[in-house]
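# Report on the structure
Residues per chain are reported as follows:
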Amino acid sequence: MWGGRFDKPPADVARAFTRSFPVDRRMYREDIVASRAHAAMLGRQEIIPVGSANALVDALDALLTDLDQTGGPPLTADDEDVHSYVERELTARIGDDGRRLHVARSRNDQVATDFRLYCKGFCLRLATAVLDLLGVLAQRADEEAETVAPGFTHLQVAQPVTLGHYFLALFEMHRRDVDNILYAYTVSDVCPLGAGALAGLAFDIDRDYVAEELCFSQVARNSLDAVSDRDFVSAVLQACATLSGHLSRWAEDLVIWASPGFGLVRFDDAFATGSSMLPQKLNPDVAELTRAKAGAIAGAAVGWQATLKGVPLSYALDMQEDKRSLFRVEDDVVAALRALTGALRTLTVNRERMAEVASLGHSTAIEIADYLTERGVPFRDAHAAVGRLVRLAEDRGVELADLEEADFVEADERLSGDVRDRLELQRAVARRTSLGGTAPARVREEAARANRWLRWQRDHVQDLTGRGLPLALRPSASAP
Ligand code: ARG
């Protein structure tokens, strides 16, 4: 490919170290589709003979079909990267016309184009998978709208909430993930092809045509930036890091909740694992591994940023590492997302135990303070009075509701009568009807709203999938 000015071939160790084919063969479809647009443009602009351009387009189509059938380029191929593989394969198939493809193009603008196409497709696949999770969350929220669950701060039981409200908290987190992923999609949606090696080209190329063929909505405006810019990789990795961080947080909750001491939930057998020695064990491996992967994914995002910051403009081979980082993150985040979605869909909730734990630690004490404040007592005084009652209950080893009426009246004379009913869990959650609050009525409303958002966002992602990628690269058309 570039042997002309060299006296000898590269040393084995140098070549093995610098070649990227084993990694970037994964984007053979993007490379072929981008090359097809480039070849068609070369013919239209009469930069190469029209007959050669047609031969190239046909051969590229045939190559794509063939490679889809075999599951991509053979791992054993000895090429430097996927770009040289495709070009060599074309030339083997159609002879000299294959050798005309690389005019008015460099691997520098080619690889940036391929990888942007890949990232756009990945963002849409990932967004779709997050939307699947959001569907499960909205459904489970509705099912558990009335279920009283312990709400924790500092991992101490703090106040009762509804379990549906918890699921909707996760819905909010992951809704933002979809926004982040679509932002990364937009950052990726710029066509660098036509920048050449770094300086632009002396041919009458048609960059708008190429960008349109490849469904990019913008053309990169500066050839140096076009081949240097990997902000889109940072954006995708950052979106993945935030997403996996979110997954990890609730995976951790589930690990704790499933522990026998808590016993709030149980993983379905299909999403748990056993112990080789202890026959009774049911381990939350899916949640644990999700938690672990989040560390590596965050590391990849930071690592990529550290790599990029030292690269002088424009292209340097450092940038080749972007594929390795992203592909690994893709595998991890998609696998974790799918597995954890399945674990959540099949999770059994122990509602009695939820209520039992929710009532621990005098979790509704604030009801009494609120009661007093409603009757004109400054909140600080109310807080102190209820604090004394909690102390008394602890000294006697009973719950607040088990104290005598006289004890309440002694703490404050306004605490007579049925005030103790306020301590009841269902009542405490039902009263929290403020916007964003945990009351079952609110949760139902918000679950319905979540479902409306979900329908709208699904349509949006489907629409982007339909117009944001060339036909051959749309997720449904791609090889697995
Ligand atoms: N495999 C390279 C990459 O992934 C392609 C571009 C190589 N360009 C070069 N001048 N060495 O970035």
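Shown above is the structure to which this text applies.
Residues numbered from 1 in each chain as written. Predicted model: local features only at pLDDT ≥ 70, side-chain atom pairs only at ≥ 80, totals over all residues. Heavy atoms only, no water.

### Regarding the overall build of the chain
On a plain count of helices and strands, the chain comes out with 18 helices and six strands. In terms of overall size, the chain is more extended than a compact globule, its C-alpha atoms giving a radius of gyration of 30 Å where 480 residues would be expected to give roughly 23 Å. If you line up the chain on its principal axes, its C-alpha atoms span 100 × 50 × 40 Å. Here the chain, with 480 residues, has 49% of them falling under the buried criterion. Across the chain, the centroid of the 56 positively charged side chains sits 1 Å from that of the 72 negatively charged ones. (Helix = DSSP H or I, 4+ residues; strand = E, 2+ residues; numbered from the N terminus. Rg over C-alpha atoms; globule rule 2.2 N^0.38 Å. Buried < 20%, exposed > 50% of the residue type's maximum accessible area, 1.4 Å probe, protein only. Lys, Arg positive; Asp, Glu negative; His and termini not counted. Charge placed at Lys NZ, Arg CZ, Asp CG, Glu CD.)

### Focus on empty space enclosed by the protein
Taken as a whole, this structure holds one cavity of 30 Å³ or more when the rule is applied. His-38, Met-41, Ala-104, Asp-109, Leu-193, Gly-194, Leu-201, Ile-205, Asp-206, Arg-207 and Val-210 together form the lining of the largest cavity. Per-class residue counts for the lining of the largest cavity are six nonpolar, two polar and three charged. (1 Å grid on protein atoms, 1.4 Å probe; cavity = no way out; pocket = protein on both sides within 12 Å on 5 of 7 lines; lining within 4 Å. Points joined across faces, edges and corners; volume = space filled by probe spheres on them. Nonpolar A, V, L, I, M, F, W, Y, C, P; charged D, E, K, R; others polar.)

### Overview of the packing of aromatic side chains
Two numbers describe a pair of aromatic rings. These are the distance of the centres and the angle of the planes. Following the criterion strictly, the structure yields nine aromatic pairs and no others. Centroid distance Phe-115 to Phe-232: 5.9 Å. Interplanar angle 65 degrees. Geometry classified as edge-to-face. One end of the pair, Phe-115, is in helix H6 (residues 107–143); the other, Phe-232, is in helix H10 (residues 231–258), and 117 residues separate them in sequence. Comparing Phe-115 with Phe-232, the two get one shared label, buried. Seen from their ring centres, Phe-115 and Phe-327 are 6.0 Å apart, and the 90 degrees between their planes marks the pair as edge-to-face. Pair noted here: Phe-115 is in helix H6 and Phe-327 is in helix H12 (residues 321–345), with a separation of 212 residues, a long-range link. (Phe/Tyr/Trp six-rings, centres within 6.5 Å; stacked < 30°, edge-to-face > 60°.)

### Thoughts on the pattern of salt bridges
Applying the stated criterion to the full structure yields 39 salt bridges. Here Arg-107 ties to Glu-80 by a salt bridge, and the two come within 2.9 Å at their closest N and O atoms. Of this pair, Arg-107 sits in helix H6 while Glu-80 sits in the loop between helix H4 (50–70) and helix H5 (82–94), and the two are 27 residues apart along the sequence. Owing to a relative accessible area of 22%, Arg-107 belongs among the partly exposed residues under this scheme. (Salt bridge = Lys/Arg side-chain N within 4 Å of Asp/Glu carboxyl O.)

### Quick notes on a nonpolar patch on the surface
Taken together, the side chains of Met-1, Trp-2 and Phe-6 make up a nonpolar region of the molecular surface, amounting to roughly 350 Å² of accessible area. One can find Trp-2 in the segment before helix H1 (12–18). (Patch = residues over 30% accessible without salt bridge, like charges linked within 9 Å, V, L, I, M, F, W, Y side chains within 5 Å. Areas by Shrake-Rupley, 256 points an atom, 1.4 Å probe, with all protein chains shown as cover.)

### Comments concerning the pairing of strand E1 (residues 148–153)
Sheet topology note: the E1/strand E2 (residues 156–162) ladder contains six bridges and is antiparallel. If you follow Phe-152 over to E2, its bridge partner there is Val-157. Joining the antiparallel neighbours E1 and E2 is a turn of two residues, in which His-154 adopts a positive phi near 55 degrees. (Pairing = 2+ DSSP bridges.)

### Some words on the site of the ligand
Around the ligand sit Ser-20, Asp-24, Asp-81, His-83, Arg-107, Asn-108, Val-111, Tyr-315, Gln-320 and Lys-323, and that is every residue in its neighbourhood. In this structure, a nitrogen atom belonging to the ligand sits 3.1 Å away from a side-chain N or O atom of Asp-81. Coverage of the ligand by the protein amounts to 83% of the 350 Å² it exposes when considered alone. (Near = heavy atom within 4 Å. Polar contact = N/O pair within 3.5 Å; in protein donor to acceptor, adjacent residues only side chain to side chain.)

### Some words on the environment of Asp-96
Mapped onto the elements, Asp-96 comes out in the loop between H5 and H6. When the C-alpha atoms of Asp-96 and Leu-124 are compared, they prove to be 38 Å apart, with 28 residues separating the residues in sequence.

### Side note on the packing of H10 against H12
Closest axis-to-axis distance for the H10/H12 pair is 10 Å, and the angle between their directions is 30 degrees. Classified by the angle between their axes, H10 and H12 sit roughly parallel to one another. For H10 against H12, the interelement crossing comes out left-handed. Residue-level inspection shows Val-233, Val-236, Leu-237, Cys-240, Leu-243, Ser-244, Leu-247, Trp-250 and Ala-251 of H10 in contact with H12, the latter providing Asp-322, Ser-325, Leu-326, Val-329, Val-333, Leu-337, Leu-340 and Leu-344. (Axes fitted to C-alpha atoms, helices over the stretch in contact; angles between N-to-C directions. Parallel < 35°, antiparallel > 145°, perpendicular 65-115°, else oblique. Left-handed = near helix turned anticlockwise from the far one by under 90°. Contact = heavy atoms within 4.5 Å.)

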